[in-house]
Each structure stands twice: as C-alpha cells, then as structure tokens.
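As a plain string of letters, each chain reads:
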Amino acid sequence: MAAMKNHEAETAVEAAVAEELLNAVGPAFGKLRRSSLLEVENPISPKDLSRTLVLNVVLELAQEGAREVTVGAVGSHLGVDPSVASRMVSDCISAGYLVRAASQRDGRRTVLHLSPGGEELMARFRRHQRSAYEYITADWSERDRLELARLMVKYVASQEALRRP
C-alpha cells in the first residue's frame, strides 16, 4: 500500500514537472528570436533582423516551388495584412535586399526576388545564427547540441506540414 502511494506521489510530481516544462515552451520560443541579436560573429542589426523575416519567406516560397513570390504571398505566409506586408517589402527593396520584377505570367503583377545584397544578408544571417547556437550551447555535450538541432528541425517541419493544405 505504501509503495502504491509512493508511486502515485511520484507520478503527480512528474506530471507537475511536465506541465511546468510545457508551459515554458511558448515563452522560450518568444525569447529565441531576441537571442539572435547576440554579439557573436557577424552581428546583425535589429533592423536587418526584421528584414530577414521577409527575405526568409521569399526564399522559402521559392524553395517550395512557388513560381512567383508576390507581396500577397509574403503577407499570407507571415500572417499580416496586405498593407503591413507591402510596407515590409518596400523597406527591403529600399534597403537593396529585394527587387521587384514583372510577372512572366501576368504583366499586371509584380514578383519579388532577392538581390545580391539580400542573398549576402541571408548568408551572413545564417552564419550568425549558427555562431549564436554554438556560443549558447558551448558547454553542452555534442550529443545534446545535435539532439536539440534535430528536434528543432523536426518541430519546424511538423509546423510547416500543418500549414500546408
């Protein structure tokens, strides 16, 4: 009887710990993007960090096979209204990271492409992200570092699969 009560108590503690851990996931994800500003190799300015959101969407949509990436597609992907997406895209164009081109399918539409400057920013951002990850996890075992990386990639893939119709 005592062993059974002991087991129930352990189970309750494990459940409480699990609940606390799962409740901490959301705030942890919120802090992840801010940690991208760490002063490690190839620092990214806060303004360019915001621009990478748009540039990343343009890259992702192109990699997913979108023939043409439009402002509307960027807005839809980011979950913002068209006027916000238009301002974000215009800022990236003004900064020299995106270029507008006429659609080959419909001359009334414009499509977006990364400029050479945009490609360089994204390459620098990827190096910065990796440096930040390596800096933050420097005292972790290699196994833990790779396991977190594997699970993060798996999480994002699952999230993307839910987004697709």
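Report on the accompanying structure. (Residues numbered from 1 in each chain as written. Predicted model: local features only at pLDDT ≥ 70, side-chain atom pairs only at ≥ 80, totals over all residues. Heavy atoms only, no water.)

Details of the overall build of the chain
Secondary structure assignment for the chain yields six helices and two strands. The order of helices and strands in the chain, counted from the N terminus, is α-α-α-α-β-β-α-α. Among the 165 residues that make up the chain, the fraction classed as buried is 24%. Restricting to contacts in the chain with at least 6 residues of sequence separation, those with at least 24 account for 53%. When the accessible surface of the chain is totalled, it reaches about 11,300 Å², and 59% of it is carbon and sulfur. (Helix = DSSP H or I, 4+ residues; strand = E, 2+ residues; numbered from the N terminus. Buried < 20%, exposed > 50% of the residue type's maximum accessible area, 1.4 Å probe, protein only. Contact = heavy atoms within 4.5 Å. Areas by Shrake-Rupley, 256 points an atom, 1.4 Å probe, with all protein chains shown as cover.)

Observations regarding the nonpolar core
Residues Leu 55, Val 58, Val 74, Val 89 and Leu 98 are the most contacted members of the largest nonpolar core, which totals 20 residues. Of all the secondary structure elements, the ones that give two or more residues to this core are α2 (46-63), α3 (71-78), α4 (82-94), β2 (110-114) and α5 (116-136). Those residues within four positions of Val 74 in sequence are excluded, and the remaining contacts are Val 54, Val 57, Val 58, Leu 61, Val 69, Val 89 and Leu 112. (Core = buried A, V, L, I, M, F, W, Y, C linked by side-chain atoms within 4.5 Å.)

Overview of the side chain of Arg 145
When you line up the elements, Arg 145 lands in helix α6 (residues 142-163). With sequence-adjacent residues up to four places away left out, Arg 145 is seen in contact with Tyr 133, Glu 134, Thr 137 and Trp 140.

As for the packing of α2 against α4
One way to put it is that α2 packs onto α4 with a least axis distance of 10 Å and a crossing angle of 110°. Between α2 and α4, the interaxial angle falls into the category roughly perpendicular. Judged by the sense of rotation from one axis to the other, the crossing of α2 with α4 is left-handed. On α4, the residues that touch Lys 47, Arg 51, Val 54 and Leu 55 of α2 are Met 88, Val 89, Asp 91 and Cys 92. Counted by class, the contact of α2 with α4 contains five nonpolar, no polar and three charged residues. (Axes fitted to C-alpha atoms, helices over the stretch in contact; angles between N-to-C directions. Parallel < 35°, antiparallel > 145°, perpendicular 65-115°, else oblique. Left-handed = near helix turned anticlockwise from the far one by under 90°. Nonpolar A, V, L, I, M, F, W, Y, C, P; charged D, E, K, R; others polar.)

Description of a nonpolar patch on the surface
On the surface, Leu 22, Val 25, Phe 29, Leu 32, Met 152, Tyr 155 and Val 156 cluster together into a nonpolar patch covering about 580 Å² of accessible area. Mapped by element, the contributors of at least two residues to the nonpolar patch are α1 (2-35) and α6. Of the residues forming the nonpolar patch, the biggest block, four residues, is contributed by α1. As for its placement among the helices and strands, Val 156 is situated in helix α6. Accessibility expressed as a relative area gives 40% for Val 156, which makes it partly exposed. (Patch = residues over 30% accessible without salt bridge, like charges linked within 9 Å, V, L, I, M, F, W, Y side chains within 5 Å. Salt bridge = Lys/Arg side-chain N within 4 Å of Asp/Glu carboxyl O.)

A few points about α5
For α5, built from 21 residues, the straight-helix expectation of 30 Å at 1.5 Å per residue is met to within 8% by its first-to-last C-alpha distance of 30 Å. Regarding α5, the residues found buried are Gly 118, Leu 121, Met 122, Phe 125, His 128, Ser 131 and Ala 132. (Expected span 1.5 Å × (residues − 1).)

Topic: the pattern of salt bridges
For the structure on display, the rule yields nine salt bridges. Note that Glu 120 and Arg 124 form a salt bridge whose closest N and O atoms lie 3.9 Å from each other. Here Glu 120 pairs with Arg 124, and both are found in helix α5, just four residues apart, close to one helical turn. On the accessibility criterion, Glu 120 (39% relative accessible area) is partly exposed. As a salt-bridge pair, Glu 147 and Arg 150 come within 2.8 Å of each other at their nearest N and O atoms. Separated by three residues within a single helix, Glu 147 and Arg 150 lie in helix α6, roughly one turn from each other.

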